[in-house]
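Chain residues, written in single-letter form:
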Amino acid sequence: MVGVSRAVTSLTNPTVKAVRALHLRKEREETGLFVAEGLKNVTEGVETGHAPHVLMYGREAADHPLLKKAVQATLAAKGEVIEVTQEILAKVSRRDNPQAVVGVFRQAFRPLSEVKPTGSTVVALHRVRDPGNLGTIVRTADAAGCAAVILVGECCDPYSVEAVRATMGSVFAVPIVRATEDEFAAWRETWPGSVVGTLLTAEHDHRTAEYRKPVVILMGNEQQGLTPDMAALPDVNVKIPMRGRADSLNLSVATGIMIYAAMP
């Protein structure tokens, strides 16, 4: 392919080793980088203005027009483009049947001060633990046109490989914010619309509660839900009715229901 810097076949190549290391949260935090697998994810990054820092691809993808655009964006940003073997793609992805394209991108956390009341719903997650849930919520927030996803307290990493996979490219489209509990509580006091929490013990049905736009949806973690301190922050806490034997919903499903209930 025109413009490709080189081909790599060795698993001990420094770039290959560096990309593999990004499966570790410590390495992601130190470098500020993350891995996005698959041509769709890489294309979403490129189309939203995020040029890859490193772009790896297998020979079978070499002639795809979207890959060529990704190569151009990577080289224009002075990134590294390398053709690699199937074995390297498997090692980098830690999957037996890996994607043919892997990109390494810069993380893009936003400050809490940038989350403004623009009219769109904001999603706040307190101590979310499961990267699959988090990635699915980011994808749903993107689909619904949410303004941001705020991670409150100690949460799992939205830039882990598992979370990024679950976003299906939406990690590039939705502003992701980190905040401590105290920072979020202070910011919440400035919010002009409703802050709506979810509790199994709440009295209000999520379908009949009053949502004053713009809305912040506050969700607790998978095991405990909202802690008492966090449950004290919303203007109203609501519940999603359970009519069968199940007494709770998966966090990403419950968040999706709440997002669409609060849409402008």
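Here's a quick rundown of the structure. Note that the structure is predicted; figures quoted are calculated from it, not measured. Note that residues are indexed from 1 along each chain, following the sequence as it is written. This being a predicted model, a pLDDT of at least 70 is required before a residue's local features are given, and a value of 80 or more before pairs of side-chain atoms are given or counted; all residues contribute to the totals for chains, interfaces and linings. The side-chain quantities take in all heavy atoms of the structure and omit both hydrogens and water.

1. Considerations on the overall build of the protein chain
Looking only at helices and strands, the protein chain has 10 helices and 13 strands in total. Throughout, radius of gyration means the C-alpha value; the globule benchmark is 2.2 Å times the number of residues raised to the power 0.38. In terms of C-alpha radius of gyration, the protein chain reaches 20 Å, essentially the compact-globule figure of 18 Å for 264 residues. For the protein chain, the C-alpha atoms occupy an extent of roughly 60 × 40 × 30 Å along the three principal directions. Buried, partly exposed and exposed residues are distinguished by accessible area as a fraction of the type maximum, computed with a 1.4 Å probe on protein chains only: under 20%, between the cut-offs, and over 50%, respectively. Scored against the burial criterion, the 264 residues of the protein chain give a buried share of 50%. Once local pairs closer than 6 in sequence are excluded, the contacts in the protein chain between residues at least 24 apart make up 80%. Reported accessibility uses the Shrake-Rupley method at a 1.4 Å probe radius. Residues are deemed covered only where the shown protein chains occlude them. For the protein chain, the exposed surface amounts to about 12,700 Å²; the carbon and sulfur share of it is 49%. Here Asp and Glu are counted as negative and Lys and Arg as positive; His is not counted, and neither are the chain ends. Here the site of a charge means NZ on Lys, CZ on Arg, CG on Asp, or CD on Glu. One finds the centroid of the 29 positive side-chain charges in the protein chain at a distance of 4 Å from the centroid of its 29 negative side-chain charges. Helix and strand assignments come from DSSP, with helices taken as H or I runs of at least 4 residues and strands as E runs of at least 2, each series counted from the N terminus. The contact definition used throughout considers only heavy atoms, calling two residues in contact when any of these lie within 4.5 Å.

2. Focus on the pattern of salt bridges
A side-chain nitrogen of Lys or Arg and a carboxyl oxygen of Asp or Glu constitute a salt bridge if their distance falls within 4 Å. Tallied over the full model, the rule gives 11 salt bridges. For the salt bridge of arginine 28 with aspartate 157, the shortest nitrogen-to-oxygen distance reads 2.7 Å. Linking arginine 28 in helix H2 (residues 25–31) with aspartate 157 in the loop between strand E8 (148–152) and helix H7 (161–167), this pair joins segments that are 129 residues apart in sequence.

3. A look at the side chain of asparagine 237
For asparagine 237, the position within the fold is in strand E13 (residues 236–239). At 3.0 Å, the side chain of asparagine 237 forms a polar contact with the backbone oxygen of alanine 231. When near neighbours in sequence (up to four residues on either side) are disregarded, asparagine 237 contacts Gly197, Thr198, Leu199, Ala202, His204, Leu226 and Ala231. Distance and chemistry together define a polar contact, namely a pair of N or O atoms within 3.5 Å, with one atom able to donate a hydrogen and the other to accept it when in protein, and with adjacent residues in sequence counting only for side-chain atoms on both sides.

4. Digging into a nonpolar patch on the surface
What makes a patch is a set of residues exposed beyond 30% relative accessible area and free of salt bridges, joined within 9 Å when like-charged and within 5 Å when nonpolar (Val, Leu, Ile, Met, Phe, Trp, Tyr). Together, Leu200, Met242, Leu249, Val253 and Ile257 make up an exposed nonpolar region whose accessible area comes to about 410 Å². Relative to the assigned elements, isoleucine 257 resides in helix H10 (residues 251–262). Overall, isoleucine 257 belongs to the partly exposed group, its relative accessible area being 32%.

5. Description of the packing of aromatic side chains
Think of it this way: a Phe, Tyr or Trp ring, Trp meaning its six-membered ring, pairs with another when their centres are within 6.5 Å, and the plane angle makes it stacked under 30 degrees, edge-to-face over 60, tilted otherwise. In this structure the tally under the stated criterion is 7 aromatic pairs. With a centroid separation of 4.6 Å and an interplanar angle of 40 degrees, the aromatic rings of phenylalanine 34 and tyrosine 159 are classed as tilted. Taken together, the positions of phenylalanine 34 in strand E2 (residues 33–37) and tyrosine 159 in the loop between E8 and H7 put the pair 125 residues apart, joining distant regions of the chain. Seen in terms of ring centroids, phenylalanine 109 and tyrosine 159 are 5.1 Å apart; in terms of plane orientation they differ by 90 degrees. Their pairing is edge-to-face. One end of the pair, phenylalanine 109, is in strand E6 (residues 109–110); the other, tyrosine 159, is in the loop between E8 and H7, with 50 residues separating them in the sequence. Residue tyrosine 159 is classed as buried on the basis of its relative accessible area of 2%. Site record: aromatic cluster; members linked through ring pairs are Phe34, Phe105, Phe109, Tyr159 and Phe172. Consider the ring centre and the ring normal. A charge sits over the ring if Lys NZ or Arg CZ is within 6 Å of that centre and within 35 degrees of that normal. Across from the ring centre of phenylalanine 109, 3.7 Å away, lies the NZ or CZ of arginine 178, which sits over that ring.

6. Things to note about the state of the cysteines
Our working definition of a disulfide is a cysteine sulfur pair at a distance within 2.5 Å. Going through the model one piece at a time under the given rule, you end up with 0 disulfides. Of all cysteine sulfurs in the structure, the one in cysteine 155 sits closest to cysteine 146, which takes part in no disulfide; the separation is 16 Å. Cysteine 146 sits in the buried class, given a relative accessible area of 10%. With no disulfide of its own, cysteine 155 has cysteine 156 as its nearest cysteine by sulfur position, at a separation of 6.6 Å. Given the relative accessible area of 8%, cysteine 155 is considered buried.

7. Quick look at the packing of helix H6 (residues 131–143) against H10
Fitting a line to C-alpha atoms yields each axis, with helices limited to the stretch in contact; the angle taken between N-to-C directions then spans 0 to 180 degrees. Put simply, H6 and H10 touch, their axes get as near as 9 Å, and they point 20 degrees apart. Compared by their axis directions, H6 and H10 come out roughly parallel. The handedness of the crossing between H6 and H10 comes out as right-handed. Contacts between H6 and H10 pair Asn133, Thr136, Ile137, Thr140, Ala141 and Ala143 from the former with Leu251, Ser252, Thr255, Gly256, Ile259 and Tyr260 from the latter. Each residue gets one label: Ala, Val, Leu, Ile, Met, Phe, Trp, Tyr, Cys and Pro are nonpolar, Asp, Glu, Lys and Arg are charged, and the others, such as Gly, are polar. Looking at the contact of H6 with H10 residue by residue, the classes come out as 6 nonpolar, 6 polar and no charged. In these notes the angle categories are as follows: under 35 degrees is roughly parallel, over 145 is roughly antiparallel, 65 to 115 is roughly perpendicular, and the rest is oblique. In this scheme, a crossing is called left-handed if the near helix is turned counterclockwise away from the far one by less than a right angle; it is called right-handed if the turn is clockwise.

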